[in-house]
Each structure stands twice: as structure tokens, then as C-alpha cells.
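Commentary on secondary and tertiary structure
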Amino acid sequence: MKKQTFLYALVILAFNCAENKKEVATTPKYVEESHSYAKPNEAVIKHLDLEIDVDFKTQIIDGEATFTIENHNASEIVLDTKFLDIISTKSNDKEVSFKLGTFDKQLGQALSIPISEDTKQVTIQYKTTANSEALQWLSPQQTADKTHPFLFTQGQAILTRSWIPIQDSPQIRITYNAKVVVPKELMAVMSAENPKEKTADGIYNFTMKQPISPYLIALAIGDLEYKPVSNRTGVYAEKSMIDKAQAEFIDMEKMVVAAENLYGNYDWDQFDVIVLPPSFPFGGMENPRLTFATPTVIAGDKSLTSLIAHELAHSWSGNLVTNATWDDFWLNEGFTVYFEIRIMEALYGKDRANMIALIGRQDLEEEVESFKDDPNMTKLKLDLSDKNPDDGMNSIAYDKGYLFLRTLEEKVGREKFDAFLKNYFKTNAFSTVTTEGFVDYLNSNLLEPNNITFNVNEWIYEPGIPDNQSIIVSNKFDDAKTFLKVFLETKSVDTSTTNDWTTQEWVHFIRNFPETITTYDLKRLDDAFNFTNATNSHIAMVWYEQAIRHDYHGNGVDQKIEDFLIRVGRRWYVSTLFKAYKKADKVDEALAIYKKSRPNYHSVTVNTIDELLGYKNQ
Ligand code: BES
Ligand code: ZN
């Protein structure tokens, strides 16, 4: 790759010297990266017309992808594929023979299609396979309503190539149209303009007119209904979930308004959320116009909806201004956590915002500790060459990224910082940014004009957490800690103190049990607060973690943990619990559960847990 870029630069240089008498080479538009075979500086996709048939019986998608391309004198265009059957390819409607490169277990295979100067379009006929990692096909039993099957895709980070042959780099931006054929009883929705009702013939036509990165192309198919929350926000879910979803997300319009007031107009017209079956591997995924969400966010009291604020915030940080490579992932997630917490503050006040921030601060502490033998992984800017981008998708990007921006805000003052961010989003809208590009932008638009010195390089390019970090305080959490202290000393439980606690206080309380807490204490707390039967997924998860860690078996908690791990595929929850088993030297117990739960998980969760538990698939 390096060699090619160099040659390209030489060609440009020669051209410029001859034609324009410029002395410096124009830098290529796309930077080098390690997670895509594409050579977009030579030939790049601009638009996708996708036609697919979705067969639930064979669990195969039969597709034809036609790309409108821009050719800069290349003789072939290179796309990414993984676990696809490539049937035939065309250049400008004429069948041409293609080449598939050697298979790499991270990246898949390069697909090269010959093109000429006048090639405007290439077409690929293909089928997905049982290994196509983006796809999770669910049986009726794995859905909320239990009567129809379901399918969803997960593209981020490099999985789109396993269901569409594509130049799968976040630097690429395309618009798309899609025609999707599904069984008549089901409805299809995408990260595009969506139907609000089922069609009679199971044929759905989609348009995505805003250019997006390939990892944001998404599809979900199921027995879905739609309910609006406002004229530009709403929810998709199965029948048994739709009213709960609508009630839980009733503040969505207010969130969009708060976000717009902070950092500029919402550029995607519609903001809907689809509540997926519980095996969905993430809390949420910011697919443009249609966020995909786990049903575990539905707590009944709106207490976990910062997740919606988070995915909404990605409409600016991530979808509008996109990390150029996965080494720059913190630009997506760190900014999004910052923005999420600002939205939460605008809607619900500083107390709530600081509690969310402090929970993240503790996650960060634990993540830094877990990388004590590999401190390079605690840098914001990563080097993930030869690694799966997933390896960088941890609390460092999110919570160290957040802490950096919060510290910076405190240093320059909120007013200047907000004006800066708003401009950053506007200037870079619908394009991509590298970490280095951001640092330049920050220096010339915020720090230098205001004569501010700040240790930006230490924050971004060095491991660990710099000393000038903002200190986050929460009186509410201090009260929760005091309550814990009093309980441990006196063993008395005064429920009048905890009456007005929110989810965040409970989570903080439970997570901060001392190492020495006894099973007797745990039983007393469980009897008083019924943690084992908590319906709030976050509270349940941190309680189960403590039960595993401290060998607590009261009130049927073991069965609850097993049921939870079998039903829920959200990677963050599942991996927290399996890590707890591992830390407590209970890998055998973990494996016994994992054998039962694994078939229920999406490939991204499977990959993480296989590695964590050293599971070998027989
Ligand atoms: N974009 C991420 C999900 C993701 C990360 C997908 C890495 C693939 C690779 C999404 O915005 C996210 O961060 N989700 C969080 C929720 C959030 C409130 C922190 C999650 O899934 O837990
Ligand atoms: Zn995110």
C-alpha cells in the first residue's frame, strides 16, 4: 500500500510540475489505513444501487450491488469482501472477470474488478454465506413476539463487507438506493428513508440521499410497527414492545432540540429508533436516520435513555464528521460521550450529567488498570495495524476521550468551547477527520487565537491520564457512598434514604462494594432491595457482577445470571459478567453457561467471549 501511495504522489507531483508549476505534491485525499484493501485514491465508489432478496429459509441474501465510481486512471477498482460468494462482475454493464485476493481472517478478501477510463459503473452479483458476520438471523423464539423470524445487520467496524461487497473504509462516503425483497409478513427498514407500514408485496425501496460511510449501511427485517414520538422522531419495534418503546423514548424530540441548540442543525431529517431483539450486541448503534437499540435500554422509567442521547449525538460526531480510520475511533466516541452528557445536562440538569460522567470515569479507571501491561492501548490515537479494530473499542476512546474534552472545556470556558465545536462540525460536515487533522484544527481555531497552552499531545499521543484532568464530583454519589459506609458499620438499612435514588445511584452504590463485603451483607441488601430480581438491566448487571465476584448465591441469583446471559447478547453486559467469572477463577462455570448462551449471540459478541474464555468451537 505504501508503495502505491508513493507512486501516486509522484504522478501528482510530475503532473503539477508540468501543468501548474507547483512545487509540492498535493496530498492524496484518502489517508493510508490498515483495515481496508480499497485504493480510493485510484478508483472510488460514490453511490450504491443495491438489490437484494432476503431468504429466511436458507438464511441467504442474494444480491446485486451496482456502484457509480470515480476513476482516477486506474485499471481496476478494489473492493472489500468477506465470506461472500461472488458470482459475476460487470464494468459498465459488460461482464468482466474479477480477481479475489487471499483470505485474511480479519480483513477478508480484496475483490478487483477491471475498469477503463470510461467506466462509470461496476456491478457485482453475489450471495452472503452462513459465515457472513454482519448478519444475525433470529428464530421466532429469539424475538419479542415469538411468531416471526428476524434479521439485523451490524456494520461497524468492518463487517459491512460481509453482506455487501464494498470499499469498507470510514473515509469513503456514498449515497445509496436499495430494493429489498422480504417475506410478505415482514417489514424492512434501513439507515435511510423508511416506510411506516408494511407493503402488500414485501418489496421495499429505500433512498439514502446523505452520503455516509459504509459501516453505517444497515438493515433490519421483522414483524415491525412504527409509532411517532414527534413529527421527525419515532420508534420501530415488534408489537409487544412498541408502546413501551414509545413511552420510554418520549423525550426524543426534546433531545434533538437540545442537540441542535448546542451544535447546529440536525442534518438527517428523521431520527427514529428501532428496538431490536435482546441479542443485539450493542446498547445502541448510530445508523443514520435509524438508531438500532437493545431492548435492555427499556427500564420503564426512562433512566437509561442517555443511550439515546449518545446515539443521537453521533449524528454529528461520527456520522457527519467521521473518524478517518479506526485508529482515530476516539474522535467518534469521545466527542459523542461529551455531546451525550451535554444533552443530558440540558434536559435533566447537572446532577444527572455528572453521575453519568462519574460512572464513565470509573469505567476508565478499570480499563487503564486492565491495560497495565500494554499501556500503548491507553493512548487516544491508536495503532491497530494487524489488530482487529474491535480491540480499540473500549473505555479509553469513550471515557478518556470524554475526560480530555471536558478538561479542555474547563480550561477554555464553555462559551468558547461550544462555539469551537459547533464550527468544527460545520466545517467538517460530511467528511472525515484524522487525529492529526483535529489537533491542527484545535490549535489554529481555539488554542492559538486565545493564547492558551494545553497539553494536547500528552492527552492524545501518550498513555495514561494526564495530571490536569478535570475532577468530576457528584454529591448524590457521595451520599450513596455514605449510605454504604453506614450500612457496613451498623448493618442497618434505612430505606427512607434510598427512596429517591435513581438508577445511577444504585449502580454506583453496588459497584463500590468493598472487596471484603460478606455474603451475609449481600443477602441483607438483596432482601432489602431485591437486587437479584432487578428489572433495570444496568442495576441487574452490576449486581450479578458482585454476586459472581463475592460468591453470593442467595435468592436464586445463579439462575437469574444464567437466564440473563442466555437472553441478552449486549456485549458490554455479557463481557463484564464473563470477565467477573474469569477474575474469580470460575472459568468452568462460565464455560458451562457460555455453551448454552453462545448460539444466541451475534458474531461480535461471540468473538469477544471466545477470546476471553479461550473457547474453542468444536
Ligand atoms: N458506535 C457504538 C457501537 C459500536 C462500537 C459498534 C464499536 C461497533 C464497534 C455506539 O454508539 C455505542 O457507543 N454504543 C454503546 C452505548 C453508549 C451509551 C456508550 C453501547 O453499545 O454500549
Ligand atoms: Zn458511540
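For the structure itself, consult the block above.
Residues numbered from 1 in each chain as written. Chains lettered and ligands numbered in written order. Predicted model: local features only at pLDDT ≥ 70, side-chain atom pairs only at ≥ 80, totals over all residues. Heavy atoms only, no water.

Observations concerning the packing of helix H4 (residues 306-313) against helix H5 (residues 329-348)
- Here H4 crosses H5 at 125 degrees, and the two axes come no closer than 8 Å. As judged from the angle between their axes, H4 and H5 are oblique. In the crossing of H4 with H5, the sense of the turn from one axis to the other is right-handed. Residue-level contacts link Ser306, Ala309, His310, Leu312 and Ala313 of H4 to Glu333, Thr336, Val337, Phe339, Glu340, Ile343 and Met344 of H5.
- For the contact of H4 with H5, a count of residues per class yields 7 nonpolar, 3 polar and 2 charged. (Axes fitted to C-alpha atoms, helices over the stretch in contact; angles between N-to-C directions. Helix = DSSP H or I, 4+ residues; strand = E, 2+ residues; numbered from the N terminus. Parallel < 35°, antiparallel > 145°, perpendicular 65-115°, else oblique. Left-handed = near helix turned anticlockwise from the far one by under 90°. Contact = heavy atoms within 4.5 Å. Nonpolar A, V, L, I, M, F, W, Y, C, P; charged D, E, K, R; others polar.)

Some points on the site of ligand 1
- If you check the shell around ligand 1, you find 16 residues, and the closest are Gln156, Gly283, Glu286, Glu311 and Tyr398.
- For ligand 1, an oxygen atom lies 2.9 Å from a polar atom in the side chain of histidine 314.
- When ligand 1 is considered free in solution it has 520 Å² of accessible area, and contact with the protein chains removes 89% of it.
- Of all the secondary-structure elements, those providing two or more residues to the shell around ligand 1 are strand E18 (284-285), H4 and H5.
- The element contributing the most residues to the shell around ligand 1 is H4, with 3 residues.
- For the shell around ligand 1, a count of residues per class yields 6 nonpolar, 6 polar and 4 charged. (Near = heavy atom within 4 Å. Polar contact = N/O pair within 3.5 Å; in protein donor to acceptor, adjacent residues only side chain to side chain. Areas by Shrake-Rupley, 256 points an atom, 1.4 Å probe, with all protein chains shown as cover.)

Quick notes on the sheet that holds strand E4 (residues 84-91)
- Strand order across the open sheet formed by 7 strands is E5-E4-E8-E2-E1-E11-E13, with mixed pairing between neighbours. The strands lining the two open edges of the sheet, one partner per strand, are strand E5 (94-96) and strand E13 (203-212). Geometrically, the sheet is characterised by an average inter-axis angle of 20 degrees between neighbouring strands, direction not taken into account.
- As judged from the 7 bridges shared by strand E1 (residues 43-55) and strand E11 (residues 174-181), these two strands associate in the parallel manner. Across the sheet, the residue bridging to isoleucine 52 is valine 180, located in E11. (Pairing = 2+ DSSP bridges.)

Side note on helix H16 (residues 557-567)
- For H16, the set of buried residues is Val557, Ile561, Glu562, Phe564 and Leu565. The buried residues of H16 occupy one face: seen down the axis, they fall within an arc of 160 degrees.
- Residues of H16 that are buried make contact with helix H15 (537-549), helix H17 (571-583) and helix H18 (587-597). (Buried < 20%, exposed > 50% of the residue type's maximum accessible area, 1.4 Å probe, protein only. Arc of directions from axis to C-beta.)

Re the coordination of the zinc ion (ligand 2)
- Protein coordination at the zinc ion (ligand 2) comes from His310 (NE2), His314 (NE2), Glu333 (OE) and Glu333 (OE), with a distance range of 2.0 to 2.7 Å.
- Considering all 6 donor atoms around the zinc ion (ligand 2), the spread of angles at the metal, 53 to 159 degrees, places the coordination shape in the irregular class.
- For the zinc ion (ligand 2), all donor residues lie on one chain, and their spacing in sequence is H-x3-H-x18-E. Of the two residues, histidine 314 sits in the loop between H4 and strand E20 (321-323) while glutamate 333 sits in helix H5, which places them 19 residues apart along the sequence. (Donors = N, O, S within 2.8 Å, 3.2 Å for Na, K, Ca; no water. Tetrahedral: all angles 85-135°; square planar, octahedral: opposite > 155°, others 65-115°.)

Re the sheet that holds strand E7 (residues 109-114)
- The 3 strands are arranged E3-E7-E6 in an open sheet whose pairing can be described as antiparallel. Looking at strand neighbours, the two that pair on one side only are strand E3 (76-81) and strand E6 (99-100), the edges of this open sheet.
- Taken together, the 6 bridges between E3 and E7 define a ladder with antiparallel strand orientation. In the sheet register, leucine 79 faces E7, and the bridge partner there is leucine 111.

Points about the packing of aromatic side chains
- Taken as a whole and assessed by the stated rule, the structure comprises 52 aromatic pairs.
- Relative to tryptophan 501, the ring of phenylalanine 483 lies with its centre 5.4 Å away and its plane at 75 degrees, an arrangement referred to as edge-to-face. With phenylalanine 483 in helix H11 (residues 475-490) and tryptophan 501 in the loop between helix H12 (495-498) and helix H13 (503-511), this pair connects stretches of sequence that are 18 residues apart. Exposure class is identical for phenylalanine 483 and tryptophan 501. Each is buried.
- Geometrically, the ring pair formed by tryptophan 506 and phenylalanine 531 is edge-to-face, given 5.5 Å between the ring centres and 70 degrees between the ring planes. One end of the pair, tryptophan 506, is in helix H13; the other, phenylalanine 531, is in the loop between helix H14 (519-529) and H15, and 25 residues separate them in sequence.
- Since its relative accessible area comes to 13%, tryptophan 506 is described here as buried.
- Cation over ring: lysine 491 sits above phenylalanine 487, and NZ or CZ is 6.0 Å from the ring centre.
- The positively charged end of arginine 570 is found above the aromatic ring belonging to tyrosine 573, 4.4 Å away from the centroid. (Phe/Tyr/Trp six-rings, centres within 6.5 Å; stacked < 30°, edge-to-face > 60°. Lys NZ or Arg CZ within 6 Å of the ring centre and 35° of its normal.)

Some points on the layout of surface pockets
- Estimated volume of the second largest pocket: approximately 680 Å³.
- Residue lining of the second largest pocket: 31 residues in total, with Pro278, Pro295, Thr296, Phe564 and Arg567 positioned closest to the centre.
- Elements supplying a minimum of two residues to the lining of the second largest pocket: helix H2 (239-248), H15 and H16.
- With 5 residues, the top contributor of residues to the lining of the second largest pocket is H16. (1 Å grid on protein atoms, 1.4 Å probe; cavity = no way out; pocket = protein on both sides within 12 Å on 5 of 7 lines; lining within 4 Å. Points joined across faces, edges and corners; volume = space filled by probe spheres on them.)

Comments concerning the nonpolar core
- Formed by 199 residues in total, the largest nonpolar core has its most connected members in Trp163, Val180, Phe404 and Phe578.
- For this core, the leading source of residues is H5, giving 10 residues.
- Other than its neighbours up to four places away in sequence, phenylalanine 578 contacts Leu565, Ala590, Ile593, Tyr594, Ser597, Tyr601, Ile609, Leu612 and Leu613. (Core = buried A, V, L, I, M, F, W, Y, C linked by side-chain atoms within 4.5 Å.)

Some thoughts on the pattern of salt bridges
- Under the definition given, this model contains 33 salt bridges.
- Arginine 289 is paired through a salt bridge with aspartate 269; the nearest N and O atoms lie 3.5 Å apart. Remark: aspartate 269 occurs in the loop between helix H3 (252-263) and strand E17 (271-275) and arginine 289 occurs in the loop between E18 and strand E19 (290-293); sequence separation between them is 20 residues.
- For arginine 289, a relative accessible area of 7% puts it in the buried group.
- Put simply, glutamate 545 and arginine 549 hold a salt bridge, and the shortest N to O gap is 3.4 Å. (Salt bridge = Lys/Arg side-chain N within 4 Å of Asp/Glu carboxyl O.)

So yeah, pure geometry; function would need other evidence.
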